[in-house]
Amino acid sequence: MSEETAPVKRSKKGKGWTIHLFPVPILIIYGMFVLYPILAALSYSFFSFKGFTRDAFVGLDNFVTLFTTEPYGSMFRNAFSHNVLYFCIQMVVMNGLAFLLAFIVYKKVKGAEFFKVAFFLPRLLSVIVVGFLWKLILNPNFGTLNLILGKLGLENLQRAWLGEPETALISIILVNCWFGLGFGVLIFLAGFQSIPGELIEAARLDGAKGVSMLRKIYIPLMIPSILIMTVLTFIQSFEAFELVYAMQGSMGEPYYSTDTMAVFFYRLAFGSSTASSSTAIGLGSALATVLFFFILICTMIFLKLMNKKEVQM
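Calculation rules
Residues numbered from 1 in each chain as written. Predicted model: local features only at pLDDT ≥ 70, side-chain atom pairs only at ≥ 80, totals over all residues. Heavy atoms only, no water. Helix = DSSP H or I, 4+ residues; strand = E, 2+ residues; numbered from the N terminus. Buried < 20%, exposed > 50% of the residue type's maximum accessible area, 1.4 Å probe, protein only. Contact = heavy atoms within 4.5 Å. Areas by Shrake-Rupley, 256 points an atom, 1.4 Å probe, with all protein chains shown as cover. 1 Å grid on protein atoms, 1.4 Å probe; cavity = no way out; pocket = protein on both sides within 12 Å on 5 of 7 lines; lining within 4 Å. Points joined across faces, edges and corners; volume = space filled by probe spheres on them. Axes fitted to C-alpha atoms, helices over the stretch in contact; angles between N-to-C directions. Parallel < 35°, antiparallel > 145°, perpendicular 65-115°, else oblique. Nonpolar A, V, L, I, M, F, W, Y, C, P; charged D, E, K, R; others polar. Phe/Tyr/Trp six-rings, centres within 6.5 Å; stacked < 30°, edge-to-face > 60°. Lys NZ or Arg CZ within 6 Å of the ring centre and 35° of its normal. Pairing = 2+ DSSP bridges. Salt bridge = Lys/Arg side-chain N within 4 Å of Asp/Glu carboxyl O. Left-handed = near helix turned anticlockwise from the far one by under 90°. Patch = residues over 30% accessible without salt bridge, like charges linked within 9 Å, V, L, I, M, F, W, Y side chains within 5 Å. pLDDT = per-residue confidence, 0-100. Polar contact = N/O pair within 3.5 Å; in protein donor to acceptor, adjacent residues only side chain to side chain.

### Brief notes about the overall build of the chain
- Helices and strands together make up the secondary structure of the chain, namely 14 helices and 2 strands.
- In the chain, buried positions account for 37% of the 313 residues.
- Counting only contacts in the chain whose residues sit at least 6 apart along the sequence, the fraction spanning at least 24 positions is 65%.
- Total accessible area computed for the chain in this model is approximately 18500 Å², and 70% of it derives from carbon and sulfur atoms.

Encoded structure:
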């Protein structure tokens, strides 16, 4: 009997060992395309470059130059302030509207299933396609938005939306809110659907209804979902690049009014796509390192707050 079961046991041991090999391809890909670029950027930030060739070790000089030497210091502060504005507007407009729409869908209004699909449809498009389409819509000469305003007799509201520093960045952020709205609706809708029905019924028996129900029952129980969306919105806001690049190029036009940290990094490391300019890979790597650790530290703080809230609940 032992002789018959021995091959079976050896076969099971062999299968158990091979299971541990399954994550290896993913780990290799992750190491090549995530870990290696991060470590490479960190190491490059301590060197000077001649073109794309690494030169002498300069220690923290690239970081000092980035923060204190003009025009890099002022451009860094300008880009950082735009990322902060990006985050604040998305939190208020995109996440606020997504929360409201998710609550409406959760209440099973007529056509709720259609609305879920409609809200998420823009997310299926490429960011480059979205940027190109909205650039056409916002065109001051033949754009749909100005044409509609003209038809409504609101010519005084017509603008060169992407051509004026006062409106360019706000326009891009609002386009991004439209693009990301559906994802926020799904996250919040999942949060609403995870609320136990017994709690809702008990609150109704206690007399809670309307705004009181939303403020005292729904919102406190939705804190985990709100924190998740806050973290995701924060990361996306401070990594904002594709849409800005698609709509305004790498110079953050007009007059750097749409510059973000990621666009500034691209311009430093690879030069401008619209004008001849030298590359500064060391400075770009220093900027990427600062941005990486800033996002990492803030995300860890958000996650700690999230865990604390979940424990309290």
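### A closer look at the layout of surface pockets
- The volume enclosed by the largest pocket comes to roughly 1200 Å³.
- Elements with a minimum of two residues in the lining of the largest pocket: helix H2 (24-44), helix H4 (72-106), helix H8 (165-193), helix H11 (223-238), helix H12 (242-248), helix H13 (261-270) and helix H14 (281-312).
- Top element by residues in the lining of the largest pocket is H14. It accounts for 12 residues.

### Thoughts on the packing of H4 against helix H10 (residues 211-221)
- The interhelical angle for the contact between H4 and H10, taken along N-to-C directions, is 95 degrees, at an axis separation of 13 Å. Regarding the angle of H4 to H10, the classification is roughly perpendicular. Within the contact between the two elements, H4 uses Phe-99, Phe-103 and Tyr-106 and H10 uses Leu-214, Tyr-218 and Ile-219.
- Of the residues that constitute the contact of H4 with H10, the class distribution is 6 nonpolar, no polar and no charged.

### A short note on the packing of aromatic side chains
- Applying the stated rule across the entire model yields 27 aromatic pairs.
- Taking the centre distance of 4.8 Å and the plane angle of 40 degrees together, the rings of Phe-234 and Phe-238 count as tilted. Taken together, the positions of Phe-234 and Phe-238, both in helix H11 and 4 residues apart, correspond to about one turn of that helix.
- Residue Phe-238 is classed as buried on the basis of its relative accessible area of 3%.
- Among the aromatic side chains, those forming a connected cluster through ring pairs are Phe-67, Phe-76, Phe-80, Phe-87, Phe-234, Phe-238, Phe-294 and Phe-302.
- For the cation-ring pair, Arg-54 lies above Phe-47, with the distance from its terminal atom to the ring centre recorded as 4.3 Å.

### A closer look at the pairing of strand E1 (residues 47-50)
- Alternating residues of E1 divide into Phe-47 and Phe-49, all buried, and Ser-48 and Lys-50, none buried.
- Counting the residues in the hairpin turn of E1 and strand E2 (residues 53-57) gives 2 residues, including Gly-51, whose phi is positive at 70 degrees.

### Digging into the pattern of salt bridges
- Taken as a whole and assessed by the stated rule, the structure comprises 2 salt bridges.
- Between Glu-70 and Arg-77 there is a salt bridge whose closest N-O contact spans 3.4 Å.
- Across the salt bridge formed by Arg-267 and Asp-259, the nearest N and O atoms sit 2.6 Å from each other.
- The class of Arg-267 is buried, set by a relative accessible area of 8%.

### Description of the packing of H8 against H11
- At a minimum axis distance of 10 Å, the contact between H8 and H11 shows a crossing angle of 155 degrees. With respect to their mutual orientation, H8 and H11 come out roughly antiparallel. Here H8 runs over H11; the crossing is right-handed. Contacts from Asn-176, Phe-183, Gly-184, Ile-187, Phe-188 and Gly-191 of H8 reach H11 at Ser-225, Ile-226, Ile-228, Met-229, Leu-232 and Gln-236.
- Partitioning the contact of H8 with H11 into residue classes produces 7 nonpolar, 5 polar and no charged.

### Focus: a nonpolar patch on the surface
- On the surface, Trp-17, Leu-21, Val-24, Ile-26, Ile-28, Ile-29, Met-32 and Phe-33 cluster together into a nonpolar patch covering about 860 Å² of accessible area.
- By residue number, the principal contributor to the nonpolar patch is H2, which donates 6 residues.
- Inspection of the secondary structure assignment puts Ile-26 in helix H2.

### Some thoughts on the confidence of the model for the chain
- For the chain, per-residue confidence averages 84 on the pLDDT scale, and residues scoring 70 or more make up 90% of the total.
- Across the chain, element-level confidence peaks in H4 with a mean pLDDT of 93 and bottoms out in helix H1 (residues 2-19) with 57.
- Taken together, the stretch residues 273-278 has pLDDT below 50 and engages in 8 contacts with residues farther than four places along the chain or on a different chain.

### Structural notes on the side chain of Asn-83
- Within the fold, Asn-83 resides in helix H4.
- On the basis of relative accessibility, which here comes to 0%, the residue Asn-83 falls in the buried class.
- Within the structure, Asn-83 has its side chain in polar contact with the backbone nitrogen of Met-261 (distance 2.8 Å).
- When neighbours within four sequence positions are excluded, Asn-83 is seen to be in contact with Ser-237, Phe-238, Ala-240, Thr-260 and Met-261.

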